[in-house]
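These are the residues of each chain, in order.
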Amino acid sequence: MNALVSPPDRSRAPLVRAVAPLLVGALLGFIGGYFAAGGGRPSSAAEIDRGGGGQGRIASLQSELQRDPESSRLWAALGNAYYDREDWDHAIEAYEKALRKAPKDANVLSDLGAALRNRGEFRRAVASFERARAADPDHWQSLLNLVLIHAFDSREAGPAQRHFDELKRRYPEIPNLGRIQEQISRVRAG
């Protein structure tokens, strides 16, 4: 038997099972860290808006909305374009119009929450994240955002811990959970 020949797929299956959650976890950790640092794009932006956030993109979306003002997708994309420019007022306005057309869209609710958070309206942001969770209980971005806003922004240890415990139970593969727990502990102690 040649020692350099690897066994058939049996050795790769555990590797794939081990690596896949790490990749997903790394992505979740990056999003959480970026959001906690005050930056970041709404979690669903790539799904809604493939274009850039410049003035040309905004003008293009406004033109499309004149032809189709009932499109929640276009309103959400406009919100994302304004979000990219850190124009929170216009982003919030566009997200709210998207939600008039699709009131239970968890992605848009989460995006609205992120814009409200960046404008410093933590209570409204929390309400938006909670609405997203009610619309889609498996919307992990909203759960992560609830943990982060309570732990880092409003510094409320109780709600942060409650959401964190659920996040850890449902998504244990997320890296840096220990760092988030440390922040919650600092809030509790301080």
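No experiment lies behind these values; they were computed from the predicted model shown.

Asks: Residue-level account of the overall build of the protein, with values.
Replies: Each helix and strand in the protein was counted, giving 10 helices and zero strands. Reading the protein from its N end, one meets helices and strands in the order α-α-α-α-α-α-α-α-α-α. Long-range contacts, defined as pairs at least 24 residues apart, comprise 54% of the intrachain contacts of the protein with a sequence gap of at least 6. For the protein, the accessible surface area stands at approximately 10200 Å², while carbon and sulfur atoms represent 54% of it.

Asks: Before we move on, can you summarise helix α8 (residues 140-153) with the specific residues and values?
Replies: Helix length check: α8 (14 residues) gives 19 Å between terminal C-alpha atoms against 20 Å at 1.5 Å per residue, within 8%. Of all 14 residues that make up α8, 12 are buried, and the element is covered over most of its length. All buried positions along α8 are accounted for by Trp140, Gln141, Ser142, Leu143, Leu144, Asn145, Leu146, Val147, Leu148, Ile149, His150 and Ala151. Among the residues trailing α8, arginine 155 stands out with phi positive, at a value near 55°.

Asks: Requested: an account of the packing of α8 against helix α10 (residues 177-189), with residues and values cited.
Replies: Put simply, α8 and α10 touch, their axes get as near as 9 Å, and they point 40° apart. It follows from the interaxial angle that α8 and α10 lie oblique. Taken as a pair, α8 and α10 cross one another with a handedness that is left-handed. When α8 is examined against α10, the residues Val147, Leu148, Ala151 and Phe152 are found in contact with a partner set consisting of Ile180, Gln183, Ile184 and Val187. Its residues assigned to classes, the contact of α8 with α10 comprises seven nonpolar, one polar and no charged.

Asks: Can you lay out helix α6 (residues 106-118) for me, pointing to particular residues and giving the numbers?
Replies: Look at α6: 18 Å from first C-alpha to last across 13 residues, which is about the 18 Å you get at 1.5 Å a residue. The element α6 is extensively covered by neighbouring structure, given that 12 of its 13 residues are classed as buried. Every buried residue belonging to α6 is among Ala106, Val108, Leu109, Ser110, Asp111, Leu112, Gly113, Ala114, Ala115, Leu116, Arg117 and Asn118, and all of these are buried. Near the N-terminus of α6, the side chain that reaches the backbone nitrogen of asparagine 107, with its oxygen 3.0 Å away, is that of aspartate 105. In the stretch just after α6, glycine 120 is the one whose phi turns positive, near 90°.

Asks: Lay out unusual backbone geometry with the relevant residues and their values.
Replies: Notably, arginine 155 is not glycine yet its phi reads approximately 55°, a positive angle. Tracing the backbone through its elements, the reader meets arginine 155 in the loop between α8 and α9 (157-170). Classification of arginine 155 by relative accessible area gives partly exposed; the value is 46%. The phi dihedral of asparagine 176 is positive, around 70°, even though this residue is not glycine.

Asks: Describe in detail the nonpolar core, supporting the description with residues and values.
Replies: One finds Leu78, Tyr83 and Tyr95 to be the most contacted residues of the largest nonpolar core, which totals 31 residues. The set of elements that each furnish at least two residues to this core consists of α3 (55-67), α4 (72-84), α5 (88-101), α6, α7 (122-135) and α8. Looking at this core element by element, the count peaks at eight residues for α4. Dropping the residues within four chain positions of it, leucine 78 is found in contact with Ile58, Leu61, Gln62, Leu65 and Ala94. Within the second largest apolar cluster, 14 residues are counted, among which are Leu143, Leu167, Leu177 and Ile180.

Asks: Let's hear about the pattern of salt bridges: which residues, and what values?
Replies: Scanning all chains against the criterion turns up 11 salt bridges. Glutamate 121 is the salt-bridge partner of arginine 124, the closest N and O atoms lying 2.8 Å from each other. Judged by relative accessible area, which is 38%, arginine 124 ranks as partly exposed. The partner of arginine 170 in a salt bridge is aspartate 138, with the nearest N and O atoms 2.3 Å apart. Taken together, the residues arginine 170 in helix α9 and aspartate 138 in the loop between α7 and α8 connect sequence positions 32 residues apart. With a relative accessible area of 25%, arginine 170 lands in the partly exposed category. It is possible to trace a salt-bridge network through shared partners that takes in Asp89, Glu96, Arg119, Glu121 and Arg124.

Calculation rules
- Residues numbered from 1 in each chain as written.
- Predicted model: local features only at pLDDT ≥ 70, side-chain atom pairs only at ≥ 80, totals over all residues.
- Heavy atoms only, no water.
- Helix = DSSP H or I, 4+ residues; strand = E, 2+ residues; numbered from the N terminus.
- Contact = heavy atoms within 4.5 Å.
- Areas by Shrake-Rupley, 256 points an atom, 1.4 Å probe, with all protein chains shown as cover.
- Expected span 1.5 Å × (residues − 1).
- Buried < 20%, exposed > 50% of the residue type's maximum accessible area, 1.4 Å probe, protein only.
- Axes fitted to C-alpha atoms, helices over the stretch in contact; angles between N-to-C directions.
- Parallel < 35°, antiparallel > 145°, perpendicular 65-115°, else oblique.
- Left-handed = near helix turned anticlockwise from the far one by under 90°.
- Nonpolar A, V, L, I, M, F, W, Y, C, P; charged D, E, K, R; others polar.
- Polar contact = N/O pair within 3.5 Å; in protein donor to acceptor, adjacent residues only side chain to side chain.
- Core = buried A, V, L, I, M, F, W, Y, C linked by side-chain atoms within 4.5 Å.
- Salt bridge = Lys/Arg side-chain N within 4 Å of Asp/Glu carboxyl O.

Fair warning: the whole summary comes from geometry, so function is off the table for now.
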